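What the coordinates show
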Amino acid sequence: MDLVKEIQRLKKEKNAVILAHYYQVPEIQDIADYVGDSLGLSQKAAETDADMIVFAGVHFMAETAKILSPEKTVVLPDLNAGCSLADSCPPEDFEKFTKAHPDHVVITYVNCSAEIKALTDIVCTSSNALKIVNSIPKETPIIFAPDRNLGQYIINETGRDMLLWDGSCIVHEAFSMDKLIELHKKYPDYKIIAHPESETHILDTATYIGSTSGMINYVKEHQDQKFIVATEAGILHKMQQEMPNTELIPAPAKEDNTCACSECHFMKMNTLQKLYDCLLNESPQIDVEEAIRERALLPIERMLELSK
């Protein structure tokens, strides 16, 4: 069976749209209608007129699509495709944390569960986090969750004194400073670009810090340069496709693995076969309890409004 052909047939038959994150395996990125970062995917989910959204990403992303489009069927190729960062912020603990600081505006990074979004005043992504934080009056105290590294980056950039939830992404914390220094010694003419979820000591080495789409755009604007890329290695597929002559190396991880780079196990759980199966069977479906969905929708809409 030609999976690609069958997926395209089913997509047409069911009026489905396939949204894929940059960290998906190359064959899923290649068949997707739209490949993007969290913000871009949220915007596409909000504006699509398809009856079904096939979300090739992780659970919180598919949840966000369902929050924005409750009337659509939203499916995720593998229901176990979670997120270490989202898991680091349990709703009952976070609710206690916010109740202990009632005067604070709560900003949460989109990489969190629907329950966390429902406890939030405004959501942000890595591409609009600085803009969102700067939209809050300076005298208003802020809680930022769940990513402490992104929060620390925002504090460093804006000078705001934010209260940070102690969460992190295992992928972005996996970069080895020692290996990165060694790699840079070997390739001194390569510029380091990094995602703001990385730890501060990694960000300090970077020529450019930005979201996945920001990093792609930066490389596009500097195609004559060479880059070491400090984010999940899946991004290199799209970068190389769009800039075939630009030399790119993934930043090395602490663990010894075959590609010596950092990969998100959850993102890679989705496969072409699972994508076909979920389109065919219209499952596993993502559902969000209506009371939670309504509360979670408000902070997402505020973000989308500010991101226009």
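Rules and cut-offs
Within each chain, residue numbers correspond to sequence positions counted from 1 in written order. In view of the model being predicted, local features appear only for residues whose pLDDT reaches at least 70, and side-chain atom pairs are presented and counted only at 80 or more, with totals across whole chains, interfaces and linings using the full set of residues. Working from all heavy atoms in the structure, the side-chain values ignore hydrogens and water. Here a helix means four or more residues in a row that DSSP labels H or I, a strand means two or more in a row labelled E, and each is numbered from the N terminus. Note on exposure labels: buried denotes an accessible area under 20% of the residue type's maximum, exposed denotes more than 50%, and partly exposed covers the range between, all computed with a 1.4 Å probe on protein chains only. Contacts between residues were defined by any pair of non-hydrogen atoms, one from each residue, lying within 4.5 Å. Computed by Shrake-Rupley with a 1.4 Å probe, the accessible areas treat only the displayed protein chains as cover when residues are assessed. Within this document, salt bridges are pairs made up of a side-chain nitrogen of Lys or Arg and a carboxyl oxygen of Asp or Glu, the two lying within 4 Å of each other. Cavities and pockets were defined on a 1 Å grid built over protein atoms only: a cavity is a set of grid points that admits a 1.4 Å probe from which the probe cannot escape, a pocket is an open set flanked by protein on both sides within 12 Å along at least five of seven lines, and lining residues are those with an atom within 4 Å of any such point. Grid points are joined across faces, edges and corners, and a volume is the space filled by probe spheres set on the points. Any two strands between which DSSP finds at least two bridges are classified as paired. In this description, a line fitted to the C-alpha atoms serves as the axis of each element, helices being fitted only across the stretch in contact, and the angle between N-to-C directions of two axes falls anywhere from 0 to 180 degrees. UniProt positions are given in the numbering used here, feature names are shortened, and annotations may be inferred rather than shown by experiment. For this classification, under 35 degrees means roughly parallel, over 145 means roughly antiparallel, 65 to 115 means roughly perpendicular, and everything else is oblique. Two helices that cross are described as forming a left-handed crossing if the nearer one is turned anticlockwise from the farther one by less than a right angle, and a right-handed crossing if clockwise. Gly counts as polar in this scheme, as do all residues outside two lists: the nonpolar Ala, Val, Leu, Ile, Met, Phe, Trp, Tyr, Cys and Pro, and the charged Asp, Glu, Lys and Arg. Directions pointing from the helix axis toward each C-beta atom define the arc. Contacts described as polar in this section are N or O atom pairs within 3.5 Å, which, within protein, must combine one atom able to donate a hydrogen with one able to accept it, while residues neighboring in sequence count only if both atoms come from side chains.

Concerning the overall build of the protein
For the protein, the helix and strand inventory stands at 15 helices and twelve strands. Sorting the 308 residues of the protein into buried and exposed places 58% on the buried side. Sequence-distant contacts, at least 24 apart, represent 62% of the contacts inside the protein between residues at least 6 apart. Total accessible area computed for the protein in this model is approximately 13,200 Å², and 48% of it derives from carbon and sulfur atoms.

Here we look at the pattern of salt bridges
Tallying each qualifying case throughout the model produces 13 salt bridges. A salt bridge links Glu6 to Arg9; the shortest N-O distance between them is 2.8 Å. On the criterion of helical spacing, the pair formed by Glu6 and Arg9 is a turn pair, its members being three residues apart in helix H1 (residues 3-13). A salt bridge links Lys274 to Asp78; the nearest nitrogen and oxygen atoms lie 2.6 Å apart.

Some details on empty space enclosed by the protein
Overall, the coordinates contain two cavities of 30 Å³ or more when judged by the stated rule. Counted as a void, the second largest cavity has a volume near 40 Å³. In this structure, the second largest cavity is lined by Ser38, Leu41, Ser42, Phe55, Met61, Thr64 and Val110. Every element with two or more residues in the lining of the second largest cavity is listed here: helix H3 (38-47) and helix H4 (59-68).

Here's the deal with the sheet that holds strand E1 (residues 16-21)
A sheet is described by the order of its strands in space; here four strands give the open sequence E2-E1-E3-E4, paired in parallel fashion. Taken across any chain shown, the strands that pair with only one partner, and hence form the sheet edges, are strand E2 (34-36) and strand E4 (73-75). Going from strand to strand, the sheet's axes swing by 20° on average, the running direction of each strand aside. Both E1 and E2 contribute to a ladder of three bridges, which runs parallel. Among the inter-strand pairings, Ala20 is bridged to a residue of E2, identified as Val35. Taken strand by strand, helix H14 (residues 272-281) contacts E1, strand E3 (52-56) and E4, and its axis lies near 160° from that of E3.

Thoughts on the UniProt feature "binding site: iminosuccinate" (unreviewed entry) in the protein
UniProt's entry tags His21, Ser38, Tyr109, Val110, Asn111, Ser126, His195, Pro196, Glu197 and Thr212 with the feature "binding site: iminosuccinate" (unreviewed entry), counted in the numbering of this structure. Among the residues just listed, Ser38 and Val110 line the second largest cavity. Looking at where His21 falls in the secondary structure, it is placed in strand E1. Mapped onto the elements, Ser126 comes out in the loop between strand E6 (122-124) and helix H8 (129-134).

Things to note about the packing of H1 against H14
Where H1 meets H14, the closest approach of the two axes is 10 Å, and the angle between their N-to-C directions is 25°. As summarised for this structure, H1 and H14 are arranged roughly parallel, according to the angle between their axes. The handedness of the crossing between H1 and H14 comes out as left-handed. In this structure, H1 uses Leu3, Val4, Glu6, Ile7, Leu10 and Lys11 to contact H14, whose residues at the interface are Leu272, Gln273, Leu275, Tyr276, Leu279 and Leu280. Among the residues forming the contact of H1 with H14, the class breakdown is nine nonpolar, one polar and two charged.

Looking at H1
Those residues of H1 that sit buried are Leu3, Glu6, Ile7, Leu10 and Lys11. Taken down its axis, H1 places every buried residue within 135° of arc, on the same side. Opposite the buried face of H1, at more than 90 degrees from it, the exposed residues are Lys5, Lys12 and Glu13. Its buried side turned inward, H1 meets E1, helix H2 (26-31) and H14. Measuring from the backbone nitrogen of Val4 back to the side-chain oxygen at the start of H1 gives 3.2 Å, which picks out Asp2 as the cap. Positive phi appears at Asn15, one or two residues downstream of H1, with a value of about 50°.

Quick notes on unusual backbone geometry
In this model, Ala145 is joined to Pro146 through a cis peptide bond whose omega is -10°. Mapping Pro146 onto the fold places it in the loop between strand E7 (142-145) and helix H9 (148-158). Note that the residue after Ser283, namely Pro284, is joined by a cis bond; omega there is 5°. The residue Pro284 is located in the loop between H14 and helix H15 (290-306) in this model. The backbone phi angle of Asn15 is positive, close to 50°, even though this residue is not glycine. Inspection of the secondary structure puts Asn15 in the loop between H1 and E1. Unusually for a residue other than glycine, Glu282 sits at a positive phi of about 55°. Position of Glu282 among the secondary structure elements: in the loop between H14 and H15. Take Glu282: its relative accessible area is 29%, and that puts it in the partly exposed class.

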